[in-house]
Amino acid sequence: MNPRLLPYILILPVTLFLIVFFLYPFALVAQEAFTAGGGLSLQNFREVVGYWKFPISLRNTLLLAAAVVPVQLALALLMATMVNRMNRGRDLVLYVWTIPLGISDLAAGIIWLAIFEQSGFLNSMMGGLGLIDRPANFLSYQHPMIVFTAIALAEIWRATAIMLVILVAGIGLIPKEYYEAAEVFGASPWQRFVKITLPLLRPSLQTALILRVVLAFEIFAVVAALGGTIFPVLMGEIYAYQFDLLNGGAAAALALIVLAISIAFTLIILRVLRVPKGATI
Amino acid sequence: MAEIQIKNVAKSFGSYTALHDINLTIANQEFMVLLGASGCGKTTLLRIVAGLETATTGEVWINGRRVDHLPPKDRGIAMVFQNYAVFPHLTVFENIGFGLRMQKLPNDEVKRRVERTAGLMHIEQLLKRYSGELSGGQRQRVAVARALAMEPDVILMDEPLSNLDALLRLEMRAELKGVLAESKTTAIYVTHDQVEAMSLADRISVMHQGRIVQAATPIEVYRNPATEFVAGFIGNPPMNFLPAEPKGRCLWQVAGLDLQGPDTSHPLNFAIRPEDVSPAAEGLPATARIVEPLGAHLLVTCDVGGAMFRAVLDSDLTVKPGDRLTLAPNPGRVRWFNPETTQAVA
């Protein structure tokens, strides 16, 4: 067999699989989004963008991503640095910290619902401590900030570990000699983190951020469990178009808008965290 | 101006003792080489002086000031690492200026010092490059320039040339010697390469199993090794050893040859460097086994009284394997060792 052809033959099954089960459905969705009244049209896009809930759900989705992702990034960096310093018990700690990754997002939403709902842990605890007379309904339209905070907390709890795993692997790739050199030449621990760890971690930061930001725009089940219709997000609207309003064209159009936003942010992250040629480890 | 004193320094990793009670004084502006095989503790000792490792017991003094409790940056040192540790995400300019930036020196001072040291190391045309665009030799130059830019009291080097190819190593070795002599800093240089040690050092500390076995000038270490280990470690090919039989007061017999020796009763080993023997009418009876013409001279591995013996002879001689030779040792270069303690006996 021609050795130059071998790699292409080996990736052929995966490529075929992706074409059949990803690219083809994607083309169908795109076709549906751009079709209205039997012809090519932007009618579906006009409809979803013009709907009163669109700006609210777009704003909510972006706000949630803006609140959750930076906190997750900071936490994941802190946790990864701590894990990296450990000699004994490192694996155990890493396993415990990544447990939430094994829980589905709907289950995570329900766990936090059990904390925040009217008969939940938070109410019973505050009642038991005598802080409140009767259980409060935190997750109602009267407390939008609490709803937002609950969703953000659940997301942070659930999905920080995916960044952690990527960053731990990335930090492990940075040779110790760089830190020793920085220490000898006078960098404090904080300066070593800012001047050595962060810049050398750029490839891992890119991966972790792209993954988290894209997933943050796709937030759905946690919001459904904790916020219901009080806190509309883009994914929820897609679901409503498809299954409640049976408007497949509008759902497809909104899905493409989310895709466009995701691609835009991916490009921004790639650009901001790019590593100049010749500057890799 | 910096003298380094290492007082009773010991280091253990768990139950393993890497360094036993090291005492060493390095004079101001002296170039001290720590020489030894891998695992002898030389790098650990250097890292203790640098502050990257903490001694289990003992003290380190630099310039009359006790520094073993200070972080590396407060010790007045700079270091060149084995794998260079040139930061990949910074340009050559920012690498050389890294320590100066940490000291918050003004921009024009940083620029002046970076350009001066880059000039010294002949890398001024590379200042805008990243380390990924440099060859190993150029990275090495950046690492040395970064250390020199600090204008340190002491410069510490951990096998800085070991990753370079042979030709480049030779070139950098001579250059390092010149630049460091110029900079008037005290230097500690770790290496396992005895030629490097001989050519660079004012003084060599030969280390073995966590101890300094001899600290002396290169020529002293070569001519008068303190132990059999030093005698065998320094010099290529190494020193020859043959058992000696006592034949009377100050008289010893080595492979049938009578020689004047030390006045002692216990058995001794006779030792001589391969280049310190020559064919003569009277001497050690040898049978040539392997003959290697090396251009400048002839390396003959022979059999003397059942032991292996190497001789470096004039290349004009014709010697074939199986030839019988009589090799006379140069009396002034004969050394004696106690085989029990392996120490030199005068």
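Fair warning: this is a prediction, and the values are worked out from it, not measured in the lab.

An account of the environment of B:Asn236 is requested, with residue identities and associated values reported.
Residue and element names in this part refer to chain B. Looking at the element boundaries, asparagine 236 is found in the loop between helix 9 (228-233) and strand 11 (240-248). Taking the C-beta count within 10 Å as the criterion, asparagine 236 has 8 such neighbours and is therefore assigned exposed. A sequence separation of 37 residues divides asparagine 236 from arginine 273, and the C-alpha atoms of the two residues are 9.3 Å apart.

Kindly report on the pairing of strand 6 (residues 77-80) of chain B, identifying the contributing residues and their values.
Residue and element names in this part refer to chain B. By the alternation rule, side chains of strand 6 split into Ile77 and Met79 and Ala78 and Val80, which are all buried. The sheet contact formed by strand 6 and strand 7 (residues 154-158) spans four bridges and is parallel. Counted as the bridge partner of alanine 78 is isoleucine 155 from strand 7.

Kindly report on the UniProt feature "transmembrane region" (unreviewed entry) in chain A, identifying the contributing residues and their values.
Residue and element names in this part refer to chain A. Residues annotated by UniProt as "transmembrane region" (unreviewed entry) correspond here to residues 5-27, 61-80, 92-115, 145-174, 209-231 and 251-273. Spanning residues 61-80, this segment combines 100% helix with 0% strand, and its end C-alpha atoms are found 27 Å apart. With 65% helix and 0% strand, residues 209-231 has end C-alpha atoms that lie 24 Å from one another.

Go over the sheet that holds strand 20 (residues 344-345) of chain B, please, and point to the residues and values.
All names here are of chain B. With antiparallel pairing, six strands are arranged side by side in an open sheet as 13-12-11-14-19-20. If you trace the sheet from one side to the other, it starts and ends with strand 13 (257-260) and strand 20, each paired once. In this structure, strand 12 (residues 251-254) lies alongside strand 13, joined through four bridges in antiparallel fashion. Bridge pairing in strand 13 links tryptophan 252 to leucine 259.

Give a description of the nonpolar core that names residues and reports values.
Residues A:Leu167, A:Leu226, B:Val49, B:Leu156 and B:Ile188 are the most contacted members of the largest nonpolar core, which totals 154 residues. Considering every element that reaches this core, the biggest residue donor is helix 7 (residues 144-172) of chain A, with 10 residues. Formed jointly, this core draws a minimum of three residues from each of two domains, domain 1 (4-233) and domain 2 (240-345) of chain B. Setting aside residues no more than four positions away along its own chain, B:Ile188 makes contact with B:Ile26, B:Met32, B:Leu34, B:Leu46, B:Val49, B:Val154 and B:Leu156.

Help me get a handle on the sheet that holds strand 4 (residues 57-62) of chain B, residues and values and all.
Hydrogen bonds along the backbone pair up the strands of a sheet, which may run parallel or antiparallel. Residue and element names in this part refer to chain B. Across the sheet, which stays open at both edges, the four strands sit in the order 2-1-4-5 with antiparallel pairing between neighbours. Across the chains shown, the open sheet's two edge strands, defined by having one partner strand only, are strand 2 (16-26) and strand 5 (65-66). Summarising the sheet, strand 4 and strand 5 pair through two bridges and their orientation is antiparallel. Among the inter-strand pairings, tryptophan 61 is bridged to a residue of strand 5, identified as arginine 66.

Outline helix 7 of chain A, supporting the account with residue identities and numerical values.
Between its first and last C-alpha atoms helix 7 of chain A spans 41 Å; for 29 residues at 1.5 Å apiece the expected length is 42 Å, and the two agree. The axis of helix 7 of chain A is deflected most strongly, by about 40°, at A:Ala159.

Cut-offs and rules
- Residues numbered from 1 in each chain as written.
- Chains lettered and ligands numbered in written order.
- Predicted model: local features only at pLDDT ≥ 70, side-chain atom pairs only at ≥ 80, totals over all residues.
- Helix = DSSP H or I, 4+ residues; strand = E, 2+ residues; numbered from the N terminus.
- Buried ≥ 20, exposed ≤ 12 C-beta atoms within 10 Å, placed from the backbone.
- Pairing = 2+ DSSP bridges.
- UniProt positions renumbered as here; feature names shortened; annotations may be inferred.
- Core = buried A, V, L, I, M, F, W, Y, C linked by C-beta atoms within 7 Å.
- Domains from an automatic or database assignment.
- Contact = placed C-beta atoms within 7 Å.
- Expected span 1.5 Å × (residues − 1).
- Bend = angle between axes of the 7 residues up to and from the residue.

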